[in-house]
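Examining the three-dimensional arrangement
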Amino acid sequence: MKDFGGKNITFGILGCGTMGGILFRVIRKAFPDNRVLLYDKNSKKGFILSKKSKLACVSENIHELIKKSTILILAVKPQDFLKIEKVVAEKNKLIVSIMAGVSIKSIARKFKTKKIIRAMPNMASGFSSGVTGWTSTKYVSEKEKDIIKDVFNLMGASYYFASENKINDVTAVSGSGPAYFLYTIICFIKSAIKLGFSKKEALNLVKDTFKGSYVLANKVGFSVKNLENLIKQVSSKGGTTEVALKFFKKKKFEKIWEQSVMSAFKRAVELSKKYN
Ligand SMILES: NC(=O)c1ccc[n+]([C@@H]2O[C@H](COP(=O)([O-])OP(=O)(O)OC[C@H]3O[C@@H](n4cnc5c(N)ncnc54)[C@H](OP(=O)(O)O)[C@@H]3O)[C@@H](O)[C@H]2O)c1
C-alpha cells in the first residue's frame with residue numbers, strides 16, 4: 001500500500017489541454033513536493049507544462065504514464081477516451097476522471113480497476129471559482145478522497161455525492177450553469193442598449209448591478225425564502241421592480257429555467273449512454 005499522505009504520490013495527467021493544464025497548476029500548488037507525469041497525444045502540450053516544474057516530466061506513452069502514476073487523472077475528451085485501447089492498471093491505482101458523460105463502469109472496464117473517482121468541474125475552475133460535483137466507488141479510501149478534495153477545492157467549491165446518478169444532475173446545474181448566467185447577462189445588456197444606453201454604459205450598469213446583487217444575496221443569506229423576502233423589500237407596490245417581475249412571471253420565467261435545466265439533464269443522460 002502506497003503512503004497516500006506523503007511524497008510517494010505521483011500524479012499522472014492524461015490530456016494536457018484546458019482542464020489538464022488547470023489540474024496541473026492546482027496539483028503543483030497543493031502538492032509542491034510531488035512528482036507529476038504528463039501525457040498528451042500532442043507531446044508539445046505536455047512539454048510546455050512540464051517546463052513549469054522541476055518535478056514534472058512527460059511520459060513517453062500512455063502505458064508509462066499509467067504504470068508510473070499513483071493517481072491517474074483522465075482529462076481527455078470522452079470521444080478520445082473511447083479510442084484508447086484497454087490498459088490493465090494496478091489494482092491499487094486511483095483513477096480520477098473529469099470527463100463529461102463517461103461512467104465509472106466504462107472507466108472500470110477500460111482499466112480493469114475499481115478505485116475510481118468521477119467528477120464534473122466547470123469552466124470557472126481555472127480561476128479558483130469553479131464548482132466540482134464528485135463521487136467515488138467504495139474502494140476509494142477516505143485518505144485518497146481527502147487528497148482529491150484538496151485538488152478540487154483549489155479550483156473553487158466541491159461537493160461530494162454518494163450516488164453517481166447525481167453527476168448528470170450536477171452537469172445540468174453547475175456544469176453548464178456559468179453559461180446560463182452569462183447568457184442572462186447578455187440579454188440584460190442588450191435590453192439596456194435597447195433603452196438607449198451606449199454599449200459601454202450598458203456593460204458598466206449591468207456588470208455592477210450583477211456584482212451588487214451577488215453581495216446582497218450573500219448578505220441576507222443564500223436561501224429561497226431570504227431572497228424572496230429581499231425582493232419583496234425592494235419592490236414597492238406599483239413600482240418599477242414589481243412591474244418588471246410581474247412580466248417575468250407572466251412569461252413563465254421560472255418554467256423556462258426549469259425546462260432549460262431539464263433539457264441539459266436529459267442531454268447529459270443521452271451522452272452518458274453514448275459514451276458507455
Ligand atoms: N473545459 C471545460 O470547461 C470542462 C468542464 C468540465 C469537464 N470537462 C471535461 O474535461 C475533459 C477535457 O476537456 P478539455 O476542455 O480540457 O479538452 P481539451 O482542451 O481538448 O484537452 C484534451 C487534450 O487531450 C488530448 N488527447 C486526445 N486524445 C488523447 C489521447 N489518446 N492521449 C493523450 N491525450 C489525448 C487532446 O489532444 P488533441 O487536441 O490533439 O485532440 C487535448 O490536448 C473532457 O472530457 C471534458 O468533458 C471540461
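Residues numbered from 1 in each chain as written. Predicted model: local features only at pLDDT ≥ 70, side-chain atom pairs only at ≥ 80, totals over all residues. Heavy atoms only, no water.

Here's the deal with the pairing of strand S5 (residues 94-97)
Filter applied, for reference: Throughout this description, buried means an accessible area under 20% of the type-specific maximum (1.4 Å probe, protein chains only), exposed means over 50%, and partly exposed covers the range between. Put simply, DSSP H or I for four residues or longer makes a helix, DSSP E for two residues or longer makes a strand, and each gets a number counted from the N terminus. Place the viewer so that the strands point away; then a crossover is right-handed whenever the path from the first strand over the helix to the second strand goes clockwise. Between any two strands, pairing holds if DSSP finds at least two bridges.
Burial along S5 is two-sided: the face carrying Leu94 and Val96 and the face carrying Ile95 and Ser97 are both buried. A crossover connection joins strand S4 (residues 71-74) to the parallel S5 through helix H4 (residues 78-83); in handedness this β-α-β unit is right-handed. Summarising the sheet, S5 and strand S6 (residues 116-120) pair through three bridges and their orientation is parallel. Considered in S6, the bridge of Ile95 is made with Ile116. For the segment spanning S5, helix H5 (residues 104-111) and S6, crossover handedness is right-handed.

What to know about the UniProt feature "domain: Pyrroline-5-carboxylate reductase dimerisation" (unreviewed entry) in the chain
Applied cut-off: UniProt positions are given in the numbering used here, feature names are shortened, and annotations may be inferred rather than shown by experiment.
Feature annotation in UniProt places "domain: Pyrroline-5-carboxylate reductase dimerisation" (unreviewed entry) on residues 164-271, given in this structure's numbering. Regarding residues 164-271, the helix share stands at 85% and the strand share at 0%, and the terminal C-alpha atoms are separated by 15 Å.

Things to note about the site of the ligand
Just so we agree on the cut-off: Being near a molecule or strand, for a residue, comes down to having at least one heavy atom within 4 Å of it. For the purposes of these results, a polar contact is taken to be a pair of N or O atoms within 3.5 Å, where, inside protein, one atom must be able to donate a hydrogen and its partner to accept one; residues adjacent in sequence count only when each atom of the pair is a side-chain atom. Accessible surface is estimated by sampling points in the Shrake-Rupley manner with a 1.4 Å probe; for residues, cover comes only from the protein chains shown. Note on residue classes: Ala, Val, Leu, Ile, Met, Phe, Trp, Tyr, Cys and Pro are nonpolar, Asp, Glu, Lys and Arg are charged, and everything else, Gly too, is polar.
Inspection of the region around the ligand gives 21 residues, with Thr18, Met19, Asp40, Lys45 and Val76 positioned closest. Here an oxygen atom of the ligand and a backbone polar atom of Thr18 are 3.0 Å apart. Separating an oxygen atom of the ligand from a side-chain N or O atom of Asp40 is a distance of 2.7 Å. In the complex, 79% of the free accessible area of the ligand, which totals 890 Å², lies under the protein chains. Among the secondary structure elements, those contributing two or more residues to the shell around the ligand are helix H1 (18-30) and H4. Here the residues of the shell around the ligand sort into 13 nonpolar, three polar and five charged.

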